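Structural overview
Given next are the chains, with one letter for each unit.
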Amino acid sequence: MSATPRLLLIDDDRKLTRLLADYLRPQGFEVQAVHDGAEGIRRAGAEAWDLIVLDLMLPTVDGYSVLKHLRVQSEVPVLMLTGRGAEEDRIVGLDLGADDYLPKTVSARELLSRVRAILRRSAHAPKGVPNISVGPLQIDVAAREVRLDRELVALTPVEFDLLAALARHAGQVRSRDQLLEEVRDREFTGHDRSIDVHIAALRRKLGDTARDAQLIRTVRAAGYLLGEPAAT
């Protein structure tokens with residue numbers, strides 16, 4: 001992360017982006033804004049950003065499509081900020097690789113808290129943190145890299161932190177509440193499904209789909225457990 005975190009706002013609401021920029025800049029952020037999806041894709045790829053705040057309803061290219069483009073070329077953290085607050089919209093955004101999701105009715109103070117939490121998660125761990133190995137998985141905590149059978153696996157910051165949290169307690173069941181506390185830096189309601197979405201994404205990226213060879217196992221009514229895959 002750069003000394004002055006760089007934020008890109010992709011939102012067609014010019015009044016809102018001005019208000020957010022005016023609030024965030026005195027808090028120590030460099031803030032730039034663009035107002036349509038195509039320009040958002042171009043700016044996101046042309047410069048280095050520490051965080052992108054992305055609206056769903058955009059001219060030229062919608063927010064979901066922008067997020068898909070971003071995830072092809074970058075693992076930059078993405079906070080979706082939108083007026084579409086339905087749970088289905090939120091789940092789709094998280095499933096595509098967003099790190100967090102907030103309604104536009106959120107206060108500027110809460111937005112700032114979420115931005116700081118995401119940046120903390122995406123920052124590199126201090127040197128000297130030991131690596132973690134679980135079966136074919138190697139997790140380099142300091143470099144925030146994951147390899148499966150020596151092949152690099154691209155994960156979003158939340159996915160990495162979730163996998164590392166499971167790996168630190170390999171062989172032990174971790175409840176959703178425990179995982180949320182470790183990786184999200186905020187409180188969630190008991191009905192929050194974001195952990196399940198991120199687990200599903202992790203399983204896809206790890207090729208962890210065969211019932212008899214799972215790395216990440218669901219323990220009914222308890223949570224998730226990371227362990228060596230069963231012999232095939």
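Residues numbered from 1 in each chain as written. Predicted model: local features only at pLDDT ≥ 70, side-chain atom pairs only at ≥ 80, totals over all residues. Heavy atoms only, no water.

Naming follows an unreviewed UniProt entry, where the protein appears as Response regulator transcription factor of Solimonas terrae. Quoted straight from UniProt, the Subcellular location (unreviewed entry) entry for the protein says "Cytoplasm". (UniProt positions renumbered as here; feature names shortened; annotations may be inferred.)

Quick notes on helix H2 (residues 37–46)
In an α-helix, one turn spans 3.6 residues, which is why side chains three or four residues apart end up on the same side. Burial in H2 covers these residues: Gly 37, Gly 40, Ile 41, Arg 43 and Ala 44. Buried residues in H2 make contact with strand E1 (6–10), strand E2 (30–34), strand E3 (51–54) and helix H3 (63–73). (Buried < 20%, exposed > 50% of the residue type's maximum accessible area, 1.4 Å probe, protein only. Helix = DSSP H or I, 4+ residues; strand = E, 2+ residues; numbered from the N terminus. Contact = heavy atoms within 4.5 Å.)

Description of empty space enclosed by the protein
Over the atoms, a rolling probe the size of a water molecule traces out where space has been left empty. Going through the model one piece at a time under the given rule, you end up with 1 cavity of 30 Å³ or more. A volume near 40 Å³ is recorded for the largest cavity. Among the secondary structure elements, those contributing two or more residues to the lining of the largest cavity are E1, helix H1 (14–24) and E3. Tallied by class, the residues present in the lining of the largest cavity amount to 6 nonpolar, 1 polar and 2 charged. (1 Å grid on protein atoms, 1.4 Å probe; cavity = no way out; pocket = protein on both sides within 12 Å on 5 of 7 lines; lining within 4 Å. Points joined across faces, edges and corners; volume = space filled by probe spheres on them. Nonpolar A, V, L, I, M, F, W, Y, C, P; charged D, E, K, R; others polar.)

A closer look at the sheet that holds strand E9 (residues 151–153)
Overall, antiparallel pairing links the 4 strands, which are arranged E6-E7-E8-E9 in an open sheet. In this open sheet, the two strands that pair with only one neighbour each are strand E6 (132–134) and E9. Pairs of neighbouring strands in the sheet enclose a mean axial angle of 25°, with direction left out of account. Note: strand E8 (residues 145–148) against E9, 3 bridges, orientation antiparallel. From the neighbouring strand, Leu 148 faces E9, where its bridge partner is Glu 151. (Pairing = 2+ DSSP bridges. Axes fitted to C-alpha atoms, helices over the stretch in contact; angles between N-to-C directions.)

Comments concerning the environment of Gly 97
Turning to its location among the elements, Gly 97 is positioned in the loop between helix H4 (87–95) and strand E5 (100–103). Put simply, Gly 97 and Thr 156 are 59 residues apart on the chain and 6.6 Å apart in space, counted from C-alpha to C-alpha. Setting aside its immediate chain neighbours within four residues, Gly 97 contacts Leu 67, Arg 71 and Thr 156.

Digging into the sheet that holds E3
The sheet built from 5 strands is open, its strands ordered E2-E1-E3-E4-E5 with parallel pairing. Either end of the sheet is taken by a strand with one partner, and the two such strands are E2 and E5. Here the average twist between neighbouring strands, direction ignored, is 20°. Sheet topology note: the E3/strand E4 (residues 78–82) ladder contains 3 bridges and is parallel. Note on E4: the bridge partner recorded for Ile 52 is Val 78. Against the sheet, H3 contacts E1, E3 and E4, and its axis sits at roughly 175° relative to E4.

Some thoughts on the environment of Ser 74
One can find Ser 74 in the loop between H3 and E4. The exposure class assigned to Ser 74 is partly exposed, which follows from its relative accessible area of 25%. Measuring from C-alpha to C-alpha, the distance between Ser 74 and Thr 156 comes to 9.1 Å, with 82 residues separating the pair along the chain. Within polar-contact distance, the side chain of Ser 74 engages the backbone nitrogen of Val 76 at 2.9 Å. (Polar contact = N/O pair within 3.5 Å; in protein donor to acceptor, adjacent residues only side chain to side chain.)

Some points on the packing of H1 against helix H5 (residues 108–122)
Where H1 meets H5, the closest approach of the two axes is 11 Å, and the angle between their N-to-C directions is 65°. Relative to H5, H1 is oriented roughly perpendicular. The hand of the H1/H5 crossing is right-handed. Taken together, the residues of H5 that come into contact with H1 (itself represented by Leu 20, Tyr 23 and Leu 24) are Ala 108, Arg 109, Leu 111 and Leu 112. When the residues that make up the contact of H1 with H5 are grouped by side-chain class, the tally is 6 nonpolar, no polar and 1 charged. (Parallel < 35°, antiparallel > 145°, perpendicular 65-115°, else oblique. Left-handed = near helix turned anticlockwise from the far one by under 90°.)

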